[in-house]
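Now for the letters of each chain:
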Amino acid sequence: MYPIGTPGTPWGENEKRQWLELQSVKRSYAEEVLTKLTALPETLTRVQYGALPYDTERYPLYALLSKSPTDGAPWVLITGGVHGYETSGVQGAILFANEYSAAYNGKVNFVIVPCVSPWGYETINRWNPKAVDPNRSFKPESPAAESQLLMDFVNSLPFDITLHVDLHETTDTDNSEFRPALAARDAIEQKTWNIPDGFYLVADTQQPCIALQEAMIREVKQVTHIAPADDSGRIIGETLLSEGVIGYDKKALFLCGGFTNAPMCSTTEVYPDSPSATDEICNLAQVAAIGGALRYLLSDANTQ
């Protein structure tokens, strides 16, 4: 039984306030994220695209863009920390930007948004302070400032996104905290699911681009293990489209991976609670996934 609310009754504002009062800052966005965006490679420039209204000074929002874009090169969007508690999404995006992105200069143009939800990062939360999930809120007049600000920024750019890689994690706290909280908030039944031990991807069922997903899986295999299917042949309740790949209708669910209309997209899912995982492995798995996607993009572009 979740400690907030009345079973069978959705939360009102009082219950949401109770939930917010239980949250606390556990790590520093300034120290763990912003300081790492001050010494970028010469190929990237930092642009502030907004600030979270909860505390505009504490939570500025930044994107890293190619400083001198190459005409005709595809634009790639990399997003991390849409769910702030999913650490390697943030740190993997920063690691790629700082140490790997320059290798693609002249071939690919980047928009890298390393931490979409800094309040969630600091409090290690899936939701924002209003008990809203940003990754179910990429829709018009979004209830999540995190989602609306990112959509406004990306939609204002004078080019189309060809590839979008959204970096996530699946953690044991999905069962111990976040799914029970969701069940209580919305007064719905939420069964726990088998947390897959390993890395997997979520494709868009409307345009799954399986060859892209397989290219990413091949790269990640060199860093960490791929999640096997459970006894029912599924991962988190979904049928496999390929090894380590499931699919969601991303637009229908208002997921970050669906808002750009990019013809190629994938959502990574790292498992940091695996006995064989470390922070470094998780971050490198995110980098490997991006690298596999970029190599596929460039090889595909060369065949057009």
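Scope of this entry: the structure provided in the associated data block. (Residues numbered from 1 in each chain as written. Predicted model: local features only at pLDDT ≥ 70, side-chain atom pairs only at ≥ 80, totals over all residues. Heavy atoms only, no water.)

**A word on the overall build of the protein**
Then, number 1: For the protein, the helix and strand inventory stands at eight helices and 10 strands.
Then, number 2: Against the globule reference of 19 Å for 304 residues, the protein gives a C-alpha radius of gyration of 19 Å, in line with a compact fold.
Then, number 3: Counting over 304 residues, the protein shows a buried share of 56%.
Then, number 4: Looking at the protein alone, contacts between residues at least 24 apart form 74% of all its contacts between residues at least 6 apart.
Then, number 5: About 13200 Å² of surface is accessible on the protein, with carbon and sulfur atoms providing 49% of the total.
Then, number 6: One finds the centroid of the 22 positive side-chain charges in the protein at a distance of 2 Å from the centroid of its 38 negative side-chain charges. (Helix = DSSP H or I, 4+ residues; strand = E, 2+ residues; numbered from the N terminus. Rg over C-alpha atoms; globule rule 2.2 N^0.38 Å. Buried < 20%, exposed > 50% of the residue type's maximum accessible area, 1.4 Å probe, protein only. Contact = heavy atoms within 4.5 Å. Areas by Shrake-Rupley, 256 points an atom, 1.4 Å probe, with all protein chains shown as cover. Lys, Arg positive; Asp, Glu negative; His and termini not counted. Charge placed at Lys NZ, Arg CZ, Asp CG, Glu CD.)

**Quick word on the layout of surface pockets**
Gaps left between atoms show up when a probe the size of a water molecule is rolled over them.
Then, number 1: Reported here for the largest pocket is a volume of approximately 400 Å³.
Then, number 2: Around the largest pocket, the lining comprises 19 residues; the ones closest to its centre are Arg126, Asp133, Arg136, Leu182 and Gln190.
Then, number 3: In terms of residue class, the lining of the largest pocket is built from nine nonpolar, two polar and eight charged.
Then, number 4: By volume, the second largest pocket amounts to about 300 Å³.
Then, number 5: Per element, the largest residue contribution to the lining of the second largest pocket is three residues, and it comes from helix α6 (residues 173-186).
Then, number 6: Residues of the lining of the second largest pocket, tallied by class, amount to eight nonpolar, six polar and four charged. (1 Å grid on protein atoms, 1.4 Å probe; cavity = no way out; pocket = protein on both sides within 12 Å on 5 of 7 lines; lining within 4 Å. Points joined across faces, edges and corners; volume = space filled by probe spheres on them. Nonpolar A, V, L, I, M, F, W, Y, C, P; charged D, E, K, R; others polar.)

**Focus on the environment of valine 154**
Then, number 1: Within the fold, valine 154 resides in helix α5 (residues 145-156).
Then, number 2: Apart from residues lying up to four places away in sequence, valine 154 is in contact with Leu77, Ile161, Phe259 and Thr260.

**Observations regarding the packing of aromatic side chains**
By convention here, two paired aromatic rings are described through the distance between centres and the angle between planes.
Then, number 1: A complete count under the given rule lists 12 aromatic pairs for this structure.
Then, number 2: A ring pair is formed by tyrosine 85 and phenylalanine 178, whose centres lie 4.4 Å apart and whose planes are at 40 degrees; its orientation type is tilted. Separated by 93 residues along the polypeptide, tyrosine 85 in the loop between β3 (75-80) and α3 (87-99) and phenylalanine 178 in helix α6 bring together distant segments of the chain. Note on accessibility: tyrosine 85 and phenylalanine 178 belong to one class, buried.
Then, number 3: These aromatic residues form a ring-pair network of at least three members: Tyr2, Trp11, Trp19, Trp119 and Trp127.
Then, number 4: The lysine or arginine in question, arginine 27, covers the ring of tyrosine 121, its NZ or CZ lying 3.8 Å from the ring centre.
Then, number 5: Of note, arginine 46 hangs over the ring of tyrosine 62, and the distance from its end group to the ring centre comes to 4.1 Å. (Phe/Tyr/Trp six-rings, centres within 6.5 Å; stacked < 30°, edge-to-face > 60°. Lys NZ or Arg CZ within 6 Å of the ring centre and 35° of its normal.)

**Comments concerning the pairing of strand β9 (residues 245-248)**
Then, number 1: Neither face of β9 is left uncovered, since the one carrying Val245 and Gly247 and the one carrying Ile246 and Tyr248 both have all their residues buried.
Then, number 2: Pairing analysis gives four bridges linking strand β6 (residues 200-204) to β9, with the strands arranged parallel. Each bridged residue has a counterpart across the sheet, and for valine 202 the counterpart in β9 is isoleucine 246. (Pairing = 2+ DSSP bridges.)

**Description of the nonpolar core**
Then, number 1: By size, the foremost hydrophobic cluster in this structure holds 80 residues, and its most contacted members are Phe110 and Leu294.
Then, number 2: Considering every element that reaches this core, the biggest residue donor is helix α8 (residues 279-302), with 11 residues.
Then, number 3: With residues up to four places along the chain from it excluded, the contact list for phenylalanine 110 reads Leu44, Leu64, Leu65, Ser66, Trp75, Val76, Ile78, Phe96, Ser101, Tyr104 and Leu294.
Then, number 4: Residues Tyr200, Ile235, Ile246 and Tyr248 belong to the second largest nonpolar core, which totals eight residues. (Core = buried A, V, L, I, M, F, W, Y, C linked by side-chain atoms within 4.5 Å.)

Honestly, it's all geometry; don't read function into it.
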